[in-house]
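Okay, here's what each chain looks like letter by letter:
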Amino acid sequence: MEYDYLVVGSGLFGSVFAHEMNKNGKKVMVIEKRNHFGGNVYTEEISKINVHKYGAHIFHTDNKDVWDYILKFAEFNRYTNSPVAIYKDELYNLPFNMNTFYQMWGVKTPTEAKKIIESQKKEANIKDPKNLEEQAISLVGKDIYEKLVKGYTEKQWGKKCSELPSFIIKRLPVRFAFDNNYFNDKYQGIPIGGYTKIVEKLLDGIEVKLNTDFFKDKEKWEKIADKVIFTGMIDQYFDYCFGELEYRSLKFEHKIHDIPNYQGNAVLNYTDKDVPYTRTIEHKHFEGIKSEKTVVTTEYPMSWKKGKEAYYPVNDEKNMKILRKYEKLAENKKNVIFGGRLGRYKYYDMWETIAESMKLAVDEVQRGTIR
């Protein structure tokens, strides 16, 4: 064995783990199928603007250990995520708060807003929500659901809300205060200079091979290390023997505009079902960059099929049954550890990805299974 660990994938999970094991004196190699490292948090400088190439990534957490950890690799600004929703020709602040309710109904007090929402919930009379549509209406009423939830969600998942499981929306943030801060987390912001610089520091001193597809020579790669940390799709690893898990994919269109300010906000959500994309992202607002040009990304949700990038697992009952079969196979692969959003077929925020990777690294050291 040439290496203690082969890490397949250079996103946050793989890069944090590689960094921790390298720090502990272990020999690590990272392979990455793309032509850059960083996974979906990769940022590229275009016209002096750090562009989030795979969608907006806003770091937020209440976990002080994770926050202190990430601060070792970058300085963060105090960016506050305050997206604006566009429904037809109407603008609404997000998350749902008193600004939203004033824009929708003209109400000015929490009492007035609560009265309308409770009235709509009572009229719907949903006791036991059977699907996402019923769950959303039972939480925020019909008006907010119809204008700000339904179209966006159906585009994102490629299914009608009445066909989606209720647990996808366990709760919706509703604030009876004039507060456009999307996240409640204590720590939040954007790394100054972009996420790529974080991954560069994490992987400093570690052998990294880009443009390298693990599956083109799987047998070879599994033989060069004592253990493999696999962050790709778990069903692909097992050659889809129990069938394909379902994912959602995305398409990004990046465009440079010769004006200093295109949309006035980092993120605009398009909640009208007739608009084919879900959001537009103007990256310069993340870091308050002053320049005469701007870069705007339009994000289109798409169905996934082999050959496309998988972004979101579809954790409905059907897919979870298939996943459990793959997990049983994974338990028997003592020299392969599955991690990250695709390896575990689970949606993780960035902080959760880092926390899981840190925990795995600690566990590996404590087990004493490494040489």
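A brief look at the structure comes next. Keep in mind that this is a model prediction, so the values were computed, not measured.

**Thoughts on the pattern of salt bridges**
And then number 1: Under the defined criterion, the tally for this structure stands at 26 salt bridges.
And then number 2: One salt bridge in this structure joins Asp272 and Lys88, with 3.5 Å as the shortest N-O distance. Of the two residues, Asp272 is situated in the loop between strand S12 (267-270) and strand S13 (279-282) and Lys88 in the loop between strand S6 (84-87) and strand S7 (90-93); the sequence distance between them amounts to 184 residues.
And then number 3: According to the relative accessible area criterion, Asp272 is buried, its value standing at 9%.
And then number 4: Classification of Lys88 by relative accessible area gives partly exposed; the value is 47%.
And then number 5: Lys223 is paired through a salt bridge with Glu219; the nearest N and O atoms lie 3.1 Å apart. Here Lys223 pairs with Glu219, and both are found in helix H8 (residues 218-223), just 4 residues apart, close to one helical turn.

**What to know about the sheet that holds strand S11 (residues 247-257)**
And then number 1: Spatial ordering of the open sheet is given by S7-S6-S12-S13-S14-S11-S15, a layout of 7 strands whose pairing is mixed. Whereas interior strands pair on both sides, the edge strands pair on one side only; in this sheet they are S7 and strand S15 (312-313).

**Observations concerning the packing of aromatic side chains**
Within a pair of aromatic rings, the relevant descriptors are the distance that separates the centres and the angle that separates the planes.
And then number 1: Applying the stated criterion across every chain, the model contains 29 aromatic pairs.
And then number 2: Ring centres of Phe59 and Trp67 lie 6.1 Å apart, and the angle between their planes is 35°; on these two criteria the pair is classed as tilted. Neither residue differs from the other here; Phe59 and Trp67 are each classed as buried.
And then number 3: Here Phe252 and Tyr311 contribute two aromatic rings whose centre-to-centre distance is 5.9 Å and whose plane-to-plane angle is 80°, an arrangement assigned as edge-to-face. Taken together, the residues Phe252 in strand S11 and Tyr311 in the loop between strand S14 (294-303) and S15 connect sequence positions 59 residues apart. Summarising the burial analysis for this pair, Phe252 and Tyr311 share the class buried.
And then number 4: By way of ring pairs, the aromatic residues Phe214, Phe215, Phe230, Tyr237, Phe238, Phe242, Tyr326 and Phe338 are connected into one cluster.
And then number 5: Above the face of the Tyr3 ring, Lys27 is positioned so that its terminal group lies 5.0 Å from the ring centre.

**So, the sheet that holds strand S2 (residues 28-31)**
And then number 1: The strand order across the open sheet formed by 5 strands is S9-S2-S1-S10-S16, and the pairing between neighbours is parallel. With one partner strand each, in any of the chains shown, strand S9 (207-209) and strand S16 (336-338) form the two edges of the open sheet. Strand-to-strand twist of the sheet, defined as the mean angle between neighbouring strand axes without regard to direction, takes the value 20°.
And then number 2: Where strand S1 (residues 3-8) lies against S2, 4 bridges are found, and the strand directions are parallel. Bridging from a neighbouring strand, Val7 pairs with Val30 of S2.
And then number 3: Relative to S1, helix H1 (residues 12-23) is tilted by about 165°, and along the sheet it contacts S1, S2 and strand S10 (225-230).

**Quick word on the pairing of S13**
And then number 1: The alternating pattern of S13 places Arg279 and Ile281 and Thr280 and Glu282 on opposite faces, both of which are buried.
And then number 2: The pairing of S12 with S13 spans 3 bridges and is antiparallel. When the sheet's bridge partners are listed, Val267 is paired in S13 with Ile281.
And then number 3: In terms of strand pairing, S13 meets S14 through 4 bridges, oriented antiparallel.

**Structural notes on the pairing of S12**
And then number 1: Both faces of S12 are covered, namely the face carrying Val267 and Asn269 and the face carrying Leu268 and Tyr270.
And then number 2: Note that S6 and S12 share 3 bridges and pair parallel. Of the residues in S12, the one forming a bridge with Val84 is Leu268.

Parameters and conventions
Along each chain, numbering runs from 1 in the same order as the chain's sequence is written. For this predicted model, a pLDDT threshold of at least 70 governs which residues receive local features, and a threshold of 80 or more governs which side-chain atom pairs are given and counted, while totals over whole chains, interfaces and linings are taken from all residues. Hydrogens are left out, water is left out, and the side-chain values use all remaining heavy atoms of the structure. By salt bridge we mean one thing: a side-chain nitrogen of Lys or Arg within 4 Å of a carboxyl oxygen of Asp or Glu. Helix and strand definitions here come from DSSP, where helices need a minimum of 4 consecutive H or I residues and strands a minimum of 2 consecutive E residues; each element is numbered from the N-terminal end. Only protein chains enter the accessibility calculation, which uses a 1.4 Å probe; a residue is then buried when its area is under 20% of its type maximum, exposed when over 50%, and partly exposed in between. Strand pairing requires that DSSP identify at least two bridges connecting the strands. Two rings from Phe, Tyr or Trp (for Trp, the six-membered ring) form a pair when their centres are within 6.5 Å of each other. A pair whose planes differ by under 30 degrees is stacked, one over 60 is edge-to-face, and the rest are tilted. Charges are assigned to positions over rings by a cutoff of 6 Å between ring centre and Lys NZ or Arg CZ, combined with an angular limit of 35 degrees from the ring normal. Here an axis means a line fitted to C-alpha atoms, over the contact stretch when the element is a helix, while the angle between two N-to-C directions is reported on a 0 to 180 degree scale. Contact between two residues is taken to exist if any of their heavy atoms lie within 4.5 Å; hydrogens are not considered.

Keep in mind these values describe shape, not function.
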